[in-house]
Amino acid sequence: MPSPTLEDVTRAEALERVAAFLERRGVEDARRDAKALLLAAGELRQADLLLEPATPLSPGASRRLSAYAQRRAAREPVSRIVGLRGFWTQDLVVAPDVLDPRPDTETLVELTLEHLRDRRRDDLSILDLGAGSGALVCALLSEFCNARAVAIDLSARACAASAANFARCGVAERAAVVQGRWARAIRARFDLVVSNPPYIASGEIETLAPEVRLHDPPLALDGGADGLDCYREIVVDLPRLLAPQGLAVFEVGAGQSRDVAALLAARGLEIAEIRRDVVGHERAVAASLGE
Ligand SMILES: C[S@@+](CC[C@H](N)C(=O)[O-])C[C@H]1O[C@@H](n2cnc3c(N)ncnc32)[C@H](O)[C@@H]1O
């Protein structure tokens, strides 16, 4: 299907044409995506579109928008096309071969903030296992203003993406990135250990939406035969990683919360909370060493 015709159109006309094009190509939320692509292609703010919808789109913006629309129709996520994703209160760079951070993961930040609300100004130490874009560390360090964090990832690209986002979010002086396998090389104890490990069962990856299957790296998705392999590996080290009053917070896939809680309990940890995300799935499991 040819791209929408975007020569000599106004901003409002461009929005309508791209939204209709994406809808015909079966993109869910076509209008929302069309708007995000238009704003990025035209280097516009939402207010520009609202206040001056009849302004003509420049030829450069039209060309960019046309290319963006083709990429979205081919199921590339908007965040990868525009290179940015809003997470918590910040915009993060979304690098190729690094997981596009998801709103579900903000559940871990909410849960942590509530459990550690009395320690917001403490010099907490934080460990993030499987840093990806660095989303969790950027969000947590923005909320815990005296905390420091170590972020670990096996992927060199994820380590580079994390470091770039730490600089972008102004937390680079309080965050370090280490390339490695989970906490294998770490000897310190932490007040907070967070992790959103890969948790999709290997056999389910083929069934995921093309936006995920074709664009998120397998290393960030594949959790082994039942999706729980990474939790099994990580929980072994948790008792030696947590400080006495420490908290561990894990993201889990739909239907995995009880299994992950059982893995934690088997290592002597007490389950502090299982929290649902905005669509009602049990998404975050928190545990501590207990008394
Ligand atoms: C689901 S992604 C989470 C990324 C990020 N924390 C977020 O929430 O957006 C999981 C991350 O774990 C990393 N990873 C996978 N296996 C690993 C391992 N054995 N050791 C360390 N990191 C690993 C992947 O490279 C990926 O960046």
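Bear in mind the structure is a predicted one, so any value in this text is a computation, not a measurement.

**Comments concerning the overall build of the protein**
In step 1: Regarding its fold elements, the protein presents twelve helices and nine strands.
In step 2: On C-alpha atoms alone, the protein measures out to a radius of gyration of 21 Å, which is about the 19 Å that the 2.2 N^0.38 rule sets for 291 residues.
In step 3: When its C-alpha atoms are laid out on the principal axes, the protein stretches across 70 × 40 × 35 Å.
In step 4: Considering the protein as a whole, with its 291 residues, one finds that 51% of them fall into the buried category.

**Quick notes on the site of the ligand**
In step 1: In the vicinity of the ligand there are 17 residues, among which Gly 130, Asp 153, Trp 182, Asn 196 and Ala 220 approach most closely.
In step 2: A distance of 3.2 Å is found between a nitrogen atom of the ligand and a backbone nitrogen or oxygen belonging to Leu 154.
In step 3: Here the ligand, which alone exposes 590 Å², has 96% of that area covered by the protein.
In step 4: Looking at the shell around the ligand residue by residue, the classes come out as nine nonpolar, six polar and two charged.

**Thoughts on unusual backbone geometry**
In step 1: Of note, Asp 29 is a non-glycine position whose phi angle comes to about 55°, a positive value.
In step 2: Relative to the assigned elements, Asp 29 resides in the loop between α1 (11-24) and α2 (30-41).
In step 3: Even without being a glycine, Trp 88 presents a positive backbone phi close to 55°.
In step 4: If you trace the backbone, Trp 88 turns up in the loop between β1 (84-87) and β2 (90-93).

**Comments concerning the domain arrangement of the protein**
In step 1: Considered domain by domain, the protein is made up of domain 1 (11-74) and domain 2 (88-288).
In step 2: Distance between the C-alpha centres of domain 1 and domain 2: 34 Å.

**Quick notes on the state of the cysteines**
In step 1: If you walk through the whole model with that rule in mind, you get zero disulfides.
In step 2: We note that Cys 138 lacks a disulfide partner, and the nearest cysteine sulfur, in Cys 169, lies 3.5 Å from it.
In step 3: Its sulfur unpaired, Cys 145 is 16 Å from the next cysteine sulfur, which belongs to Cys 169.
In step 4: With a relative accessible area of 34%, Cys 145 lands in the partly exposed category.

**Some thoughts on the pairing of strand β5 (residues 175-179)**
In step 1: One ladder, built from five bridges, connects strand β4 (residues 148-153) with β5; its direction is parallel. Bridge pairing in β5 places Ala 149 opposite Ala 175.
In step 2: Handedness of the β4-helix α8 (residues 156-168)-β5 crossover: right-handed.

**What about the packing of aromatic side chains?**
Ring pairs (aromatic) are described by centroid distance and by the angle formed between their planes.
In step 1: Scanning the model with the defined rule gives one aromatic pair in all.
In step 2: Relative to Phe 250, the ring of Tyr 231 lies with its centre 6.0 Å away and its plane at 65°, an arrangement referred to as edge-to-face. Here Phe 250 lies in strand β7 (residues 242-251) and Tyr 231 lies in helix α11 (residues 229-241), a separation of 19 residues in the sequence. There is no split in this pair, since Tyr 231 and Phe 250 are both buried.
In step 3: Here the guanidinium or amino end of Arg 120 rests over the ring plane of Phe 144, the centre of that ring lying 5.9 Å away.

**Notes on the sheet that holds β4**
In step 1: Taken in spatial order, the seven strands make up an open sheet running β5-β4-β3-β6-β7-β9-β8, and their pairing is mixed. With one partner strand each, in any of the chains shown, β5 and β8 (270-276) form the two edges of the open sheet. Here the strands of the sheet are splayed against their neighbours by 15° on average, with no regard to which way each runs.
In step 2: Seen against the sheet, helix α6 (residues 106-115) touches β6 (190-195), β7, β8 and β9 (282-288) and runs at an angle of roughly 130° to β8.

Conventions adopted
Residues numbered from 1 in each chain as written. Predicted model: local features only at pLDDT ≥ 70, side-chain atom pairs only at ≥ 80, totals over all residues. Heavy atoms only, no water. Helix = DSSP H or I, 4+ residues; strand = E, 2+ residues; numbered from the N terminus. Rg over C-alpha atoms; globule rule 2.2 N^0.38 Å. Buried < 20%, exposed > 50% of the residue type's maximum accessible area, 1.4 Å probe, protein only. Near = heavy atom within 4 Å. Polar contact = N/O pair within 3.5 Å; in protein donor to acceptor, adjacent residues only side chain to side chain. Areas by Shrake-Rupley, 256 points an atom, 1.4 Å probe, with all protein chains shown as cover. Nonpolar A, V, L, I, M, F, W, Y, C, P; charged D, E, K, R; others polar. Domains from an automatic or database assignment. Disulfide = S-S within 2.5 Å. Pairing = 2+ DSSP bridges. Right-handed = clockwise from strand over helix to strand, strands pointing away. Phe/Tyr/Trp six-rings, centres within 6.5 Å; stacked < 30°, edge-to-face > 60°. Lys NZ or Arg CZ within 6 Å of the ring centre and 35° of its normal. Axes fitted to C-alpha atoms, helices over the stretch in contact; angles between N-to-C directions. Contact = heavy atoms within 4.5 Å.

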